[in-house]
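Results of the structural survey
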Amino acid sequence: MKVTNSLRSAKARDKDCRIVRRKGRVYVINKKNPRYKARQG
């Protein structure tokens, strides 16, 4: 999982990426291709 300052570029990598908030952190998850996971902060 990558930790990035901005998730905009991480979300644009694949059309199946979703932005999710969990426990005060923002995540990008992708069910079809899990290597696109990223976290902000």
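Everything in this summary refers to the structure shown in the same document. Every chain is numbered on its own, with residues counted from 1 as its sequence reads. The predicted origin of the model limits local features to residues at a pLDDT of at least 70 and limits the giving and counting of side-chain atom pairs to 80 or more, whereas totals for whole chains, interfaces and linings rest on all residues. Side-chain measures were taken over the full set of non-hydrogen atoms in the model, leaving aside hydrogen atoms and water.

1. A few points about the pattern of salt bridges
When a carboxyl oxygen of Asp or Glu is within 4 Å of a side-chain nitrogen of Lys or Arg, the pair counts as a salt bridge. This model, assessed by the stated rule, comprises two salt bridges. Notably, a salt bridge pairs Lys15 with Asp16, separated by 4.0 Å at the nearest N-O pair. Of the charged contacts in the structure, one is a salt bridge between Lys32 and Asp16, with a shortest N-O distance of 3.7 Å. Of this pair, Lys32 sits in the loop between β3 (25-29) and β4 (38-40) while Asp16 sits in the loop between α1 (8-11) and β2 (18-22), and the two are 16 residues apart along the sequence. Think of it in three bands: with a 1.4 Å probe and only protein chains considered, a residue is buried below 20% of the maximum accessible area for its type, exposed above 50%, and partly exposed in between. Looking at Lys32, the relative accessible area reads 68%, which means it is exposed. A run of DSSP states H or I qualifies as a helix once it reaches four residues; a run of E qualifies as a strand once it reaches two. Both are numbered from the N-terminal end.

2. Let's talk about the packing of aromatic side chains
Note on aromatic pairs: the rings of Phe, Tyr and Trp (six-membered ring only in Trp) are paired at centre separations within 6.5 Å, and the planes decide the class, stacked below 30 degrees, edge-to-face beyond 60, tilted for the rest. Evaluated as defined, the whole model comprises zero aromatic pairs. Each ring is checked for a lysine NZ or an arginine CZ that lies within 6 Å of its centre and within 35 degrees of its normal; such an atom marks a charge sitting over the ring. The cationic tip of Arg35 hangs over the ring face of Tyr36; the distance from NZ or CZ to the ring centre is 5.3 Å.

3. Digging into the environment of Arg18
Along the chain, Arg18 turns up in strand β2. Each C-alpha atom, one on Arg18 and one on Lys37, is 9.5 Å from the other, the two residues being 19 residues apart in sequence. Apart from residues no more than four positions distant in its own chain, Arg18 is found in contact with Tyr27, Val28 and Ile29. What makes two residues a contact is simply this: any of their non-hydrogen atoms within 4.5 Å.

4. Some points on the pairing of β2
By the bridge criterion, five bridges tie β2 to β3 in an arrangement that is antiparallel. Counted as the bridge partner of Ile19 is Val28 from β3. Two strands qualify as a pair provided that DSSP identifies no fewer than 2 bridges between them. Counted between consecutive antiparallel strands, the loop separating β2 from β3 contains two residues, among which Lys23 sits at a positive phi close to 55°.

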